[in-house]
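# Survey of secondary and tertiary structure
For reference, the chains in residue letters:
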Amino acid sequence: MVQKHVLKADFRYGLETGSREGEYIVVSMASYAARYPTIVPALKSLLLQTRKPHKIIVWLDEDTEENQPTSQMKKLEEYGVEFRFTADDLRPHKKYFYAMREFPEACVITVDDDLVYSEDMIASLMKYHKKYPDAVCARRVHQMAFDEENHLKPYQEWEYEYRVEGEPSHMLFATGGGGTLYPPGCLPEDAFDIRNIKRFCQNADDIWLKVMELLAHKKVVWVKNKYVMPLEIAHSQGLALNTGNVLEGHNDMYLERLMEVWADILDTLGVDHKI
């Protein structure tokens, strides 16, 4: 099992230290205090990658006493993990927002703080990025689905964990948890409008990112891999946003809001009707 391998493995320095040619790689994660007790296996799995990134950054909430990293987390700093505080209350959007702003020329790979990643995660993403440099490369995707009248079906009726190897497509929806690579400058400036993020989609970063990708005419490609959903860390899922966003239909609400504001994205999808 991946988790047992990670827990038993010795800690290793996790960043690129040589003169490897190619693009700068930043692995970016968002977290918050309630997840601190279970975050170490996720971070350790990033340190064990066969392809090393140049940065591993964990974006935390505001710099307060209760949000200070634990001693176990701080130990990982000597292996290359950085912890940064934020003050904008962007919630899951912290995962991509600050890394893309600070490193606009980098490939930003987003990951979750409650999952253990296989050691080939970064290598596989970079392999597909080399082949499709303009596409968002994701190890876990869904395929958007429409009915006979070209109305977008509810999120739960999309083709879940689509696993067909093929060309990049506007119809594929990247889910950040599996590991997703965003090429440099792939998102439009609208993606970084904090006011609109909070107004329309504060708790659903994947939905926001998909709409922004369509606005920029960027496609998504599935990165072939055996386990599209990494192993969940035990006792880490109690506060997961997945419950409300997926099971309670909030993703559909967010999509409807965003498609009313940016109706042109439907042209990118090749459909004529709203949700």
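In short, a report on the structure. (Residues numbered from 1 in each chain as written. Predicted model: local features only at pLDDT ≥ 70, side-chain atom pairs only at ≥ 80, totals over all residues. Heavy atoms only, no water.)

## A look at the overall build of the protein chain
Check the secondary structure of the protein chain and you find 10 helices and 11 strands. Taking 19 Å as the expected radius of gyration for a compact globule of 275 residues, we find that the protein chain reaches 18 Å, a close match to that expectation. Along the first, second and third principal axes, the C-alpha atoms of the protein chain reach 55 × 40 × 35 Å. The buried share of the protein chain, reckoned over its 275 residues, is 55%. Counted over contacts in the protein chain with a minimum sequence separation of 6, partners at least 24 positions apart contribute 81%. Counting every atom, the protein chain has about 12800 Å² of accessible surface; 47% of that belongs to carbon and sulfur. Averaging the positions of the 33 positive and the 44 negative side-chain charges in the protein chain gives two centres separated by 6 Å. (Helix = DSSP H or I, 4+ residues; strand = E, 2+ residues; numbered from the N terminus. Rg over C-alpha atoms; globule rule 2.2 N^0.38 Å. Buried < 20%, exposed > 50% of the residue type's maximum accessible area, 1.4 Å probe, protein only. Contact = heavy atoms within 4.5 Å. Areas by Shrake-Rupley, 256 points an atom, 1.4 Å probe, with all protein chains shown as cover. Lys, Arg positive; Asp, Glu negative; His and termini not counted. Charge placed at Lys NZ, Arg CZ, Asp CG, Glu CD.)

## Considerations on the pattern of salt bridges
With the rule as written, the count across this model stands at 15 salt bridges. Between glutamate 82 and lysine 55 there is a salt bridge, with its nearest N and O atoms 2.8 Å apart. On the criterion of sequence distance, the pair formed by glutamate 82 in strand β3 (residues 81-85) and lysine 55 in strand β2 (residues 55-60) is long-range, its members being 27 residues apart. Glutamate 165 is paired through a salt bridge with lysine 224; the nearest N and O atoms lie 4.0 Å apart. With glutamate 165 in the loop between β7 (141-143) and β8 (172-174) and lysine 224 in the loop between β10 (220-222) and β11 (231-232), this pair connects stretches of sequence that are 59 residues apart. Given the relative accessible area of 47%, glutamate 165 is considered partly exposed. (Salt bridge = Lys/Arg side-chain N within 4 Å of Asp/Glu carboxyl O.)

## Regarding the nonpolar core
Side chains of a nonpolar character, in soluble globular proteins, are inclined to be buried together. If you look at the biggest cluster of nonpolar residues, it comprises 51 residues, and the most contacted ones within it are Tyr96, Trp158, Leu187, Cys201, Ile207, Trp208 and Leu258. Per-element accounting of this core gives the leading share, 6 residues, to helix α7 (residues 205-215). Not counting residues up to four positions away in its chain, the partners in contact with cysteine 201 are His93, Asn196, Ile207, Trp208, Tyr254, Arg257 and Leu258. In this structure, Val40, Phe83, Leu115 and Val221 belong to the second largest nonpolar core, which totals 40 residues. (Core = buried A, V, L, I, M, F, W, Y, C linked by side-chain atoms within 4.5 Å.)

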